[in-house]
Amino acid sequence: MLSEEQEHTYERAMDQALRFLAPRFLSSYELRQKMIRKGIPTKLIDQVEAKLIEYDYINDDRLAEQVANLYKRECKRGLFYIKNKMRLRGLEPGQHLDDYDERQAAFRVIERKYGLEEEPPVGQEKIISILRNRGFGMNSIRAVIDELYSWHKRGQRLEYKVP
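Residues numbered from 1 in each chain as written. Predicted model: local features only at pLDDT ≥ 70, side-chain atom pairs only at ≥ 80, totals over all residues. Heavy atoms only, no water.

Asks: Help me understand the overall build of the protein, please; the structure alone is not making it clear to me.
Replies: Counting its secondary structure elements, the protein contains 8 helices and 0 strands. Overall, the protein shows an N-to-C arrangement of helices and strands of α-α-α-α-α-α-α-α. Scored against the burial criterion, the 163 residues of the protein give a buried share of 37%. Counting only carbon and sulfur atoms, one obtains 48% of the accessible surface of the protein, whose full area is about 10,200 Å². (Helix = DSSP H or I, 4+ residues; strand = E, 2+ residues; numbered from the N terminus. Buried < 20%, exposed > 50% of the residue type's maximum accessible area, 1.4 Å probe, protein only. Areas by Shrake-Rupley, 256 points an atom, 1.4 Å probe, with all protein chains shown as cover.)

Asks: Please clarify how the layout of surface pockets should be interpreted in this entry.
Replies: Left-over empty space is what a probe sized like a water molecule reveals as it rolls over the atoms. The calculated volume of the largest pocket comes to roughly 160 Å³. Considering the residues around the largest pocket, the lining is formed by Thr 9, Arg 12, Ala 13, Asp 15, Gln 16, Arg 19, Lys 38, Ile 40, Pro 41 and Leu 44. Top contributing element to the lining of the largest pocket by residue count: helix α1 (residues 4-21), with 6 residues. When the residues that make up the lining of the largest pocket are grouped by side-chain class, the tally is 4 nonpolar, 2 polar and 4 charged. (1 Å grid on protein atoms, 1.4 Å probe; cavity = no way out; pocket = protein on both sides within 12 Å on 5 of 7 lines; lining within 4 Å. Points joined across faces, edges and corners; volume = space filled by probe spheres on them. Nonpolar A, V, L, I, M, F, W, Y, C, P; charged D, E, K, R; others polar.)

Asks: What exactly am I supposed to notice about empty space enclosed by the protein here?
Replies: Within this structure, the stated rule accounts for 1 cavity of 30 Å³ or more. Residue composition of the lining of the largest cavity, by class: 4 nonpolar, 2 polar and 1 charged.

Asks: Would you mind going over the packing of helix α6 (residues 102-114) against helix α7 (residues 124-133) with me for this structure?
Replies: Between α6 and α7, whose axes approach to 11 Å, the crossing angle comes to 115 degrees. As for how α6 packs across α7, the hand of that crossing is right-handed. Residues Ala 106, Val 109, Ile 110, Lys 113 and Tyr 114 of α6 touch α7, and the partners they reach there are Lys 126, Ile 127, Ile 130 and Leu 131. Among the residues making up the contact of α6 with α7, the classes are represented as 7 nonpolar, no polar and 2 charged. (Axes fitted to C-alpha atoms, helices over the stretch in contact; angles between N-to-C directions. Left-handed = near helix turned anticlockwise from the far one by under 90°. Contact = heavy atoms within 4.5 Å.)

Asks: Before we go on, may I ask you to explain the packing of helix α2 (residues 28-37) against helix α3 (residues 42-54) in this structure?
Replies: Packed helices, taken two at a time, are described by the angle between their axes plus the distance between the axes. Between α2 and α3, the least distance of the axes is 11 Å, while the angle of their chain directions is 145 degrees. Crossing of α2 over α3 shows right-handed handedness. Contacts between α2 and α3 involve Ser 28, Leu 31, Arg 32, Met 35 and Ile 36 from the former and Thr 42, Ile 45, Asp 46, Val 48, Glu 49, Leu 52 and Ile 53 from the latter. Here the contact of α2 with α3 is built from residues that sort into 7 nonpolar, 2 polar and 3 charged.

Asks: What is the right way to read the pattern of salt bridges from this model?
Replies: Should their charged atoms come close, side chains of opposite charge can pair. According to the stated counting rule, one finds 9 salt bridges in the structure shown. Taking the shortest distance from any N to any O, the salt bridge between Glu 54 and Lys 51 comes out at 3.6 Å. Residue Glu 54 and its partner Lys 51 are both found in helix α3; the two are separated by 3 residues, about one turn of the helix. The partly exposed category is assigned to Lys 51, whose relative accessible area is 26%. The closest approach of N and O atoms between Glu 147 and Arg 103, which form a salt bridge, is 1.9 Å. Of this pair, Glu 147 sits in helix α8 (residues 138-153) while Arg 103 sits in helix α6, and the two are 44 residues apart along the sequence. It is possible to trace a salt-bridge network through shared partners that takes in Arg 24, Glu 30 and Arg 89. (Salt bridge = Lys/Arg side-chain N within 4 Å of Asp/Glu carboxyl O.)

Asks: How should I be thinking about the side chain of Glu 102 in this particular structure?
Replies: Position of Glu 102 relative to the elements: it lies in helix α6. An unpaired buried charge is present at Glu 102: no salt bridge exists, and Arg 132, the closest side chain of opposite charge, is 7.5 Å distant. A distance of 3.3 Å separates a polar atom in the side chain of Glu 102 from the backbone nitrogen of Gly 137. What Glu 102 contacts, discounting residues up to four positions off in sequence, is Gly 78, Leu 79, Phe 80, Gly 135, Phe 136, Gly 137 and Ser 140. (Lys, Arg positive; Asp, Glu negative; His and termini not counted. Polar contact = N/O pair within 3.5 Å; in protein donor to acceptor, adjacent residues only side chain to side chain.)

Asks: What is the right way to read the side chain of Ser 28 from this model?
Replies: In this structure, Ser 28 sits in helix α2. Residue Ser 28 is classed as buried on the basis of its relative accessible area, which comes to 12%. Within the local environment of Ser 28, its side chain forms a polar contact with the side chain of Glu 49, the two groups lying 3.3 Å apart. Not counting residues up to four positions away in its chain, the partners in contact with Ser 28 are Glu 49, Ile 53, Ile 58 and Asp 60.

Shown next as structure tokens:
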């Protein structure tokens, strides 16, 4: 049982946590870091976190799935970038990205930037740079370049199906 003074402190810590959660969902790690920066004692943070998990206000697995689905829908980034961003938020990518087609996403990035109607107006080095900066792996980049330039060498129009 908490004393009246401890209860008041617990109440304030809980209120602060709920204010942090109001604008967007946070992972346990993100909430913990924000509360530490506010000077809330670790013992109180543990209590508040346990209660928020019990209320299902914090659910790292659900949040990881939502973040992964957002990145998969956007098709703008590679797996390295996505996994890194998720880990920075304290989330484990796990199986949430198993069905992500990085190659298709890389094609989509190039299609948006240059179109695939004709040979790209830039060289392979520029395409590599663009895709690397968006976190795509070299295997996907190489596959995109090989397919893109092989289609143009055969004189065919590239019609890669993107969602």
